[in-house]
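# Structural features, examined
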Number of protein chains: 4
Amino acid sequence: MSNKRERILSAAEVLIASKGFHGMSMQQVAKHANVATGTIYRYFADKETMLRSAHVERLSEVAIAIVAGVDASKPCYDQFSKLWRNTLHYLRANPDSLCYRVQYEASPLFNREEEQQIDERYFKTVLEFFECGRAQGVFRDIPAQLLGFIALENLMLLTQKCTKGCIELDDELYQQLLDASWNAILKR
Amino acid sequence: MSNKRERILSAAEVLIASKGFHGMSMQQVAKHANVATGTIYRYFADKETMLRSAHVERLSEVAIAIVAGVDASKPCYDQFSKLWRNTLHYLRANPDSLCYRVQYEASPLFNREEEQQIDERYFKTVLEFFECGRAQGVFRDIPAQLLGFIALENLMLLTQKCTKGCIELDDELYQQLLDASWNAILKR
Amino acid sequence: MSNKRERILSAAEVLIASKGFHGMSMQQVAKHANVATGTIYRYFADKETMLRSAHVERLSEVAIAIVAGVDASKPCYDQFSKLWRNTLHYLRANPDSLCYRVQYEASPLFNREEEQQIDERYFKTVLEFFECGRAQGVFRDIPAQLLGFIALENLMLLTQKCTKGCIELDDELYQQLLDASWNAILKR
Amino acid sequence: MSNKRERILSAAEVLIASKGFHGMSMQQVAKHANVATGTIYRYFADKETMLRSAHVERLSEVAIAIVAGVDASKPCYDQFSKLWRNTLHYLRANPDSLCYRVQYEASPLFNREEEQQIDERYFKTVLEFFECGRAQGVFRDIPAQLLGFIALENLMLLTQKCTKGCIELDDELYQQLLDASWNAILKR
DNA sequence: GATGAATGAGCTTTCATTCAT
DNA sequence: TATGAATGAAAGCTCATTCAT
């Protein structure tokens with residue numbers, strides 16, 4: 001079995017986080033992944049394909065991490081709290097993945113249709129949670145996608161600022177932020 | 001009179017938005033700005049300096065746009081509403097500037113100290129508004145920077161998604177989002 | 001088997017001789033050496049490194065050529081004559097190498113310490129000859145390096161003038177010049 | 001009266017000595033000479049012309065310096081000694097001019113016919129001295145040009161090595177070198 | 001005459017991709 | 001399958017030269 005594919009994607013992610021989307025070369029990826037340059041092209045048609053693959057695979061990973069341990073039988077807030085904390089935890093544990101995503105989504109590689117398919121495929125559970133809360137009249141009467149966005153997406157930029165050292169957060173502040181997100185989506 | 005400097009920065013912004021931070025070349029910028037390649041280097045020491053300048057100058061512009069018409073004598077919510085709508089309006093009117101900023105901040109060009117200075121210099125008024133609301137017990141008891149972040153920063157990613165066509169928003173939804181932001185920062 | 005490195009150095013030498021130290025471009029070298037531009041950079045870190053390598057390798061070559069067939073058991077004059085004629089022969093056979101050296105030594109690439117090491121490493125035999133003659137009281141009582149300089153170095157400029165067509169020399173004149181060099185270093 | 005022309009030539013000389021024949025730009029020359037870039041082109045048709053002018057004018061200067069105070073009524077050796085010391089003195093006082101000359105003569109700018117005309121025009125007196133000594137049977141029976149070359153030219157490379165710090169010379173050694181040059185050209 | 005902003009060809013160097021081994 | 005030397009287009013940047021002022 002070959003773990004080369006995974007090594008290559010990891011190397012790309014690390015390099016993009018440290019050197020930026022530009023400034024990462026296939027040679028560097030190869031060296032970092034401990035494979036020959038040509039080997040990359042046995043797993044990916046070209047650079048773009050490699051970057052897309054890294055993106056998709058990281059998203060599927062984060063999707064799993066977010067819903068881990070979320071118990072649909074528990075109260076709505078508990079589920080939300082779990083989702084929020086999972087997201088935070090993943091982002092803090094994988095700052096490279098985050099850096100990568102932000103740059104990817106701002107890049108011309110980003111493709112709306114593709115992204116929608118990914119969302120629907122991987123984030124189904126998350127969207128269903130918000131859909132459900134909305135149907136029960138707990139959340140605002142706006143698309144589930146938007147609820148999810150308000151509640152979780154800004155964690156992305158926030159964590160990035162933390163990673164870069166612009167903001168420092170402690171448990172007390174995290175609790176406040178969780179509470180803020182909850183209040184944001186709540187119907188009144 | 002020389003508007004070349006401005007033309008160059010604009011061209012860079014447009015190109016980054018359409019082709020990504022990587023994939024923008026100095027030659028393209030020159031062509032877009034209708035100047036010779038060498039001319040760029042009369043205004044900026046190198047590519048990095050040019051990119052930094054574009055970043056700083058755009059931030060100063062957005063800072064002015066955000067606080068325009070905010071009346072400190074009006075009720076707190078009115079001021080907030082104005083700030084929020086100003087931000088939204090600017091972002092929608094300048095999607096390129098937005099795209100640029102996200103990529104810049106995720107890139108290795110980004111420098112914490114520099115950014116802090118910019119924040120303090122240009123966004124003083126905005127931060128003061130949040131500071132004031134916090135002091136009066138209207139907003140959560142967390143740093144003003146964080147209040148500002150929760151309330152306004154996620155507009156950035158949201159507008160980006162709109163621009164890319166991932167989300168469609170109408171006035172009714174905007175009102176909901178404004179309300180969500182307000183509830184997020186409010187003390188209870 | 002790779003003779004590319006050698007082809008590249010040769011091409012550089014030829015081009016510098018014909019177009020000058022400036023006016024030689026890496027592209028030209030590549031074309032002349034029948035390799036791609038990028039290939040040069042597989043063998044040399046950058047232009048400067050390539051130029052340095054050419055210099056050192058040519059010096060080691062000339063050092064070997066100069067002492068070829070010099071028999072230490074023969075009379076002093078015979079040895080000197082052989083050295084002098086070897087030098088002359090090499091320079092006439094390799095006018096490009098000469099042109100290159102003069103320009104290299106006058107350029108900012110030239111580094112004293114480095115040069116001293118090269119001298120000591122490659123021209124040991126030559127210096128020893130002069131040292132020996134000096135010790136025996138045959139040559140002037142001045143540093144061997146200086147004796148070598150007086151006797152052989154001006155052949156460099158002289159041959160250059162010949163190559164450029166400024167001076168024309170025949171065997172009779174060469175004999176006179178050899179004699180002049182001999183008289184210059186001789187103690188009286 | 002404008003001394004700009006002279007300032008420009010001096011600047012070029014200094015820059016070439018420090019940065020090499022390549023690595024000197026017209027912009028740098030202009031800045032060094034305290035004139036505008038365009039101004040250079042009011043005095044010289046192009047870069048090549050400027051470099052040629054610098055060469056010719058320096059040679060005329062050195063020619064004057066070499067024969068200064070040489071008294072044709074004095075004994076031959078005294079005249080030679082004066083010539084030799086003048087040359088040495090000029091070269092030591094103007095290492096830049098030297099550096100420049102070596103590079104110029106090795107460059108493609110160098111032109112045989114032109115050089116011959118310069119020699120004949122400026123170095124007439126020097127050549128006549130050697131011609132005369134040869135006619136009187138004091139010097140070797142070889143062209144005056146060659147006598148001059150043997151006697152004085154190697155001072156050029158020697159001084160260059162001194163300037164670069166490769167060789168250290170004192171008065172005692174200079175006397176030896178003068179003597180060596182004298183013996184080299186002497187008929188026996 | 002003098003200026004220096006502007007030009008764009010050409011420089012050194014990088015890097016996505018290929019292909020003989 | 002895997003390799004990595006080789007490629008050459010294209011990148012960032014420089015600089016001899018021009019020209020409107």
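Residues numbered from 1 in each chain as written. Chains lettered and ligands numbered in written order. Predicted model: local features only at pLDDT ≥ 70, side-chain atom pairs only at ≥ 80, totals over all residues. Heavy atoms only, no water.

### Quick notes on the overall build of chain A
For chain A, the count of helices and strands is 10 helices and 0 strands. When the helices and strands of chain A are placed in sequence order, the string is α-α-α-α-α-α-α-α-α-α. The dimensions of chain A, computed from C-alpha atoms along their principal axes, are 60 × 35 × 30 Å. Per-residue burial over chain A gives 52% buried out of 188 residues. Restricting to contacts in chain A with at least 6 residues of sequence separation, those with at least 24 account for 67%. On chain A, roughly 8700 Å² of surface is accessible, and the fraction owed to carbon and sulfur atoms is 49%. Averaged over its 23 positive side-chain charges, chain A has a centre that lies 5 Å from the centre of its 24 negative ones. (Helix = DSSP H or I, 4+ residues; strand = E, 2+ residues; numbered from the N terminus. Buried < 20%, exposed > 50% of the residue type's maximum accessible area, 1.4 Å probe, protein only. Contact = heavy atoms within 4.5 Å. Areas by Shrake-Rupley, 256 points an atom, 1.4 Å probe, with all protein chains shown as cover. Lys, Arg positive; Asp, Glu negative; His and termini not counted. Charge placed at Lys NZ, Arg CZ, Asp CG, Glu CD.)

### A look at the protein's contact with DNA strand E
The immediate surroundings of DNA strand E are formed by 34 residues, with Met26 of chain A, Thr39 and Arg42 of chain B, Lys47 of chain C together with Thr39 of chain D found nearest. Sugar and phosphate atoms constitute 65% of the interface atoms of DNA strand E, taking the interface as everything within 4 Å of the protein. Between DNA strand E and Lys4 of chain B there is a distance of 3.0 Å, counted from a phosphate oxygen to a side-chain nitrogen or oxygen. In this structure, a phosphate oxygen belonging to DNA strand E sits 2.8 Å away from a side-chain N or O atom of Tyr41 of chain C. The set of elements that each furnish at least two residues to the surface near DNA strand E consists of α2 (26-33) and α3 (37-43) of chain A, α3 (37-43) of chain B, α2 (26-33) and α3 (37-43) of chain C together with α3 (37-43) of chain D. Among the residues forming the surface near DNA strand E, the class breakdown is 11 nonpolar, 15 polar and 8 charged. (Near = heavy atom within 4 Å. Polar contact = N/O pair within 3.5 Å; in protein donor to acceptor, adjacent residues only side chain to side chain. Nonpolar A, V, L, I, M, F, W, Y, C, P; charged D, E, K, R; others polar.)

### Thoughts on the protein's contact with DNA strand F
Around DNA strand F there are 35 residues in total, and Thr39 of chain A, Lys47 of chain B, Thr39 and Arg42 of chain C together with Met26 of chain D lie nearest to it. Backbone atoms, meaning sugar and phosphate, form 65% of the atoms of DNA strand F found within 4 Å of the protein. A distance of 3.4 Å separates a base nitrogen of DNA strand F from a polar atom in the backbone of Gly38 of chain C. Tallied by class, the residues present in the surface near DNA strand F amount to 12 nonpolar, 15 polar and 8 charged.

### What about the relation of the copies chain D and chain C?
Between chain D and chain C, which share one sequence, the superposing operator has a rotation angle of 180° and an axial displacement of 0.0 Å; the RMSD is 0.2 Å. Taken together, the rotation and translation describe the operation of a two-fold axis. A shared interface surface links the copies, since 100% of the contact residues of chain D are contact residues in chain C too. (Least-squares fit on C-alpha atoms with pLDDT ≥ 70 in both.)

### A short note on the side chain of Asn183 of chain A
The residue Asn183 of chain A is located in helix α10 (residues 171-185) in this model. By relative accessible area, Asn183 of chain A is classed as buried at 5%. For Asn183 of chain A, the residues in contact, after removing those within four places along its chain, are Arg188 of chain A together with Arg140, Asn183 and Arg188 of chain B.

### Considerations on the confidence of the model for chain A
Per-residue confidence for chain A averages 91 on the pLDDT scale, and 99% of its residues sit at or above 70. The element-level mean pLDDT for chain A is lowest in helix α6 (residues 95-106) of chain A, coming to 84, with α3 of chain A highest at 96. (pLDDT = per-residue confidence, 0-100.)

### Section: the interface of chain D and chain C
Taken together, the contacts link 44 residues of chain D with 44 residues of chain C. Here chain D packs against chain C, burying approximately 4000 Å² in sum over the two surfaces, 65% of which is carbon and sulfur. For the pair chain D and chain C, the number of links is 4 salt bridges. One salt bridge in this structure joins Asp179 of chain D and Arg140 of chain C, with 2.9 Å as the shortest N-O distance. Applying the counting criterion to the chain D and chain C interface returns 15 residue pairs in polar contact (both at pLDDT 80 or more). Grouping the amino acids of the side of chain D that touches chain C by side-chain chemistry returns 21 nonpolar, 12 polar and 11 charged. (Buried area = accessible area lost by both parts, 1.4 Å probe. Salt bridge = Lys/Arg side-chain N within 4 Å of Asp/Glu carboxyl O.)

### Considering the packing of helix α5 (residues 76-93) of chain A against α10 of chain A
Residues and elements named next belong to chain A. Across the interface, α5 lies against α10 with an axial gap of 11 Å and an inter-helix angle of 125°. The angle between α5 and α10 falls in the class oblique. In this structure, α5 crosses over α10, and the sense of that crossing is right-handed. Note on element contacts: α10 touches α5 through Tyr174, Gln175, Leu177, Leu178, Ser181, Trp182 and Ile185, opposite Cys76, Tyr77, Phe80, Ser81, Trp84, Arg85, Leu88 and Arg92. Its residues assigned to classes, the contact of α5 with α10 comprises 10 nonpolar, 3 polar and 2 charged. (Axes fitted to C-alpha atoms, helices over the stretch in contact; angles between N-to-C directions. Parallel < 35°, antiparallel > 145°, perpendicular 65-115°, else oblique. Left-handed = near helix turned anticlockwise from the far one by under 90°.)

### Let's talk about the interface of chain A and chain B
Residue-level contacts link 44 residues of chain A with 44 residues of chain B. Both sides of the chain A and chain B interface together cover about 4000 Å² of buried area, and 65% of this is carbon and sulfur. If you look at where chain A meets chain B, you find 4 salt bridges. At the level of secondary structure, the elements contributing two or more residues to the side of chain A that touches chain B comprise α1 (4-19), α6, α7 (112-122), α9 (144-163) and α10 of chain A. Sorting elements by how many residues they give to the side of chain A that touches chain B places α9 of chain A first, with 11 residues.

### Overview of the packing of aromatic side chains
Across all of its chains, the model carries 34 aromatic pairs over all chains by this definition. Relative to Phe130 of chain C, the ring of Phe129 of chain C has its centre 5.1 Å away and its plane inclined at 70°; by these criteria the two rings are edge-to-face. Just as Phe129 of chain C is buried, Phe130 of chain C falls in that class too. Clustering of aromatic rings is evident, with ring pairs tying together Tyr77, Phe80, Phe129, Phe130, Phe139 and Trp182 of chain A. (Phe/Tyr/Trp six-rings, centres within 6.5 Å; stacked < 30°, edge-to-face > 60°.)

### A word on the domain arrangement of chain A
Often, the extent of an interface is quoted as the loss of accessible area on bringing the components together. All names here are of chain A. Each domain of chain A was delimited in the assignment, giving domain 1 (1-44) and domain 2 (52-185). A C-alpha centroid distance of 27 Å is found between domain 1 and domain 2. Each side of the interface is counted separately: domain 1 has 11 residues, and domain 2 has 12 residues. Taken as a group, Leu9, Glu13 and Phe21 account for 56% of the area that domain 1 buries against domain 2, more than any other trio of residues on that side. Across the contact surface, domain 1 and domain 2 share 3 salt bridges. Between Arg58 and Glu13 there is a salt bridge, with the nearest N and O atoms lying 2.4 Å from each other. (Domains from an automatic or database assignment.)

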